[in-house]
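# Notes for the structure review
Residues per chain, in single letters:
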Amino acid sequence: MSKTIEGLYYSQSHEWVKVEGNTAFVGITDYAQSALGSVVYVDMPQEDDHVDAEMEFGAVESVKAASDLVSPVSGTVVEVNSGLEDSPSLLNEKPYETWIIKVEMSDPSQLDNLMDAKAYSEYCESL
């Protein structure tokens, strides 16, 4: 069974969001990294790019699959995790400590469309 963390928001496409003020830190869940296997590459947007909720913003490639990254919120990318360029395996090792992008949210009410840890755990069990 995959791990979830209280206090984060979760999407059906297996991204998590941690909110600090108006900034959303976006990463992939333990369930996602487990399903992917060893992550070997992360395709990320550029700083100042705009991302839209429920739209692709990049991809994660592993030894057995590639998976699109879908933004849980809309806004402007204020930072990308450049450490993933050299160490994409951090997504496997510490999925909830390793964010992919930071987004300045344009519509924080979109968080209402995401799941809490309990709902996400139940969702994963149903898959």
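These numbers were taken from a predicted model, which means no experiment stands behind them.

A word on the overall build of the protein chain. A tally of regular secondary structure across the protein chain gives four helices and nine strands. Along the protein chain, from the amino end to the carboxyl end, the secondary structure elements read β-β-β-α-β-β-β-β-β-α-α-β-α. Relative to the globule expectation of 14 Å for 127 residues, the C-alpha radius of gyration of the protein chain, 13 Å, shows essentially globular dimensions. Burial status across the protein chain gives 47% buried among its 127 residues. For the protein chain, restricting intrachain contacts to residue pairs at least 6 apart in sequence, the fraction spanning at least 24 positions comes to 64%. Surface exposure of the protein chain reaches about 6,600 Å², of which carbon and sulfur atoms provide 43%.

The next point concerns the UniProt feature "domain: Lipoyl-binding" (unreviewed entry) in the protein chain. Mapped onto this structure's residue numbering, the UniProt feature "domain: Lipoyl-binding" (unreviewed entry) falls at residues 23-104. Structurally, residues 23-104 comprises 18% helix and 43% strand, and the distance from its first C-alpha atom to its last is 5 Å.

Across five bridges, strand β6 (residues 56-62) lies against strand β7 (residues 66-70) in antiparallel orientation. From the neighbouring strand, V60 faces β7, where its bridge partner is S67.

Looking now at the side chain of Q110. Residue placement: Q110 occurs in the loop between β9 (101-105) and α4 (117-125). Contact partners of Q110, with chain neighbours within four places excluded, come to A53, V73 and S74.

This part takes up the UniProt feature "modified residue: N6-lipoyllysine" (unreviewed entry) in the protein chain. According to UniProt, the feature "modified residue: N6-lipoyllysine" (unreviewed entry) maps to K64 in the numbering used here. Following the sequence through the fold, K64 ends up in the loop between β6 and β7. When its relative accessible area of 57% is taken as the criterion, K64 is described as exposed. Ignoring any residue separated from it by four or fewer positions in sequence, one finds K64 in contact with S34, A35, L36 and G37. Only 3.4 Å separates the side chain of K64 from the backbone oxygen of A35, close enough to count as a polar contact.

Criteria and thresholds
Residues numbered from 1 in each chain as written. Predicted model: local features only at pLDDT ≥ 70, side-chain atom pairs only at ≥ 80, totals over all residues. Heavy atoms only, no water. Helix = DSSP H or I, 4+ residues; strand = E, 2+ residues; numbered from the N terminus. Rg over C-alpha atoms; globule rule 2.2 N^0.38 Å. Buried < 20%, exposed > 50% of the residue type's maximum accessible area, 1.4 Å probe, protein only. Contact = heavy atoms within 4.5 Å. Areas by Shrake-Rupley, 256 points an atom, 1.4 Å probe, with all protein chains shown as cover. UniProt positions renumbered as here; feature names shortened; annotations may be inferred. Pairing = 2+ DSSP bridges. Polar contact = N/O pair within 3.5 Å; in protein donor to acceptor, adjacent residues only side chain to side chain.

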